[in-house]
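# Reading the structure
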Amino acid sequence: MIQKKFLVSFVLFFSITFNSFSIEPDIFVQSTVNRASKLLGEDISKEEKIEKLKTIAKETVDIRGIGFYTLGKKRKSLNENEKKRYTDLFEEYFLKSFSSRLAEYTNPEIDVRNKDKLNENYTIVNSILKATDERPEIKIDWRIYTKNPDNPLIRDLIIEGLSLARTQKEEFASVLNSNNDDIEALFKVLKEFSQN
């Protein structure tokens, strides 16, 4: 199964929207987690939270960019039809993973500490997930894609030094390597996950 415990963390933090005007990446991240926390604390059904979270993810996460990154070098050998199928299947897979797991949490508290502008396209935002009785403090670095400053997008999370996008990439590579590099095998796994 593609899913690992890291995916739980992956879906816990990819969240809410704040992209109606040019905004600094650190402010974008703090606004994102504040809104996520507020939504998760609302007195609505889990199903309603899931639907709202899916909409939010589409607005704030670069799902297409993450999808092609996690596909690795295999993306170069796909034809246009296969790329379209993969994009659609990955989005369904990502949204289900993200929304169903995040909806089980309430009020995650994250404090943004600082930011490091790598170049015009990327900024790393450093933050801390506050400790609770159930978990210790966790260091989270957000990789924010800033090519369009009016619409920053989340490209990756590095949790205690572990890149979640890279972990996903390794999992997809394992599926392909186990199936003679057949993209149909990965399509099948993604579809089965989304439909179950």
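For clarity, every value in this text was computed on a predicted model and none was experimentally measured.

On to the packing of helix α6 (residues 164–177) against helix α7 (residues 183–195). Following both chains from N to C, one finds α6 and α7 inclined at 125°, their axes separated by 8 Å at the closest point. As judged from the angle between their axes, α6 and α7 are oblique. Helix-helix and strand crossings are classified by hand; for α6 and α7 the assignment is right-handed. Facing F172, V175 and L176 of α6, the residues of α7 in contact are I183, A185, L186, V189 and L190.

The next subject is the sheet that holds strand β5 (residues 162–163). Ordered in space as β1-β2-β3-β4-β5, the 5 strands form an open sheet in which the pairing is antiparallel. With partners counted over all chains shown, the strands left at the sheet margins are β1 (110–117) and β5, one partner each. Summarising the sheet, β1 and strand β2 (residues 122–129) pair through 7 bridges and their orientation is antiparallel. Across the sheet, residue N114 finds its bridge partner in β2, namely N126. Strand contacts of helix α2 (residues 25–40): β1, β2, β3 (138–145) and β4 (153–159), with the helix running at about 160° to β1, the strand carrying the most contacts.

So, about the environment of L71. Position of L71 relative to the elements: it lies in helix α4 (residues 63–71). Given a relative accessible area of 4%, L71 falls into the buried group. Along the backbone, L71 and I183 are 112 residues apart, and their C-alpha atoms lie at a distance of 9.7 Å. When residues no more than four places from it in sequence are discounted, the contact partners of L71 are L78, Y86, I183 and L186.

Our focus in this paragraph is the pairing of β4. With 7 of 7 residues buried, β4 lies mostly within the body of the structure. Pairing between β3 and β4: 6 bridges, direction antiparallel. Bridge assignment links I140 to a residue of β4, and that residue is I159. The loop that links β4 with its antiparallel partner β5 comprises 2 residues; one of these, E160, has a positive phi angle of about 50°.

Residues Y86, F90, F94, I140, W142 and L186 are the most contacted members of the largest nonpolar core, which totals 44 residues. Here this core takes 8 residues from helix α5 (residues 80–102), the largest share from any one element.

Cut-offs and rules
- Residues numbered from 1 in each chain as written.
- Predicted model: local features only at pLDDT ≥ 70, side-chain atom pairs only at ≥ 80, totals over all residues.
- Heavy atoms only, no water.
- Axes fitted to C-alpha atoms, helices over the stretch in contact; angles between N-to-C directions.
- Helix = DSSP H or I, 4+ residues; strand = E, 2+ residues; numbered from the N terminus.
- Parallel < 35°, antiparallel > 145°, perpendicular 65-115°, else oblique.
- Left-handed = near helix turned anticlockwise from the far one by under 90°.
- Contact = heavy atoms within 4.5 Å.
- Pairing = 2+ DSSP bridges.
- Buried < 20%, exposed > 50% of the residue type's maximum accessible area, 1.4 Å probe, protein only.
- Core = buried A, V, L, I, M, F, W, Y, C linked by side-chain atoms within 4.5 Å.

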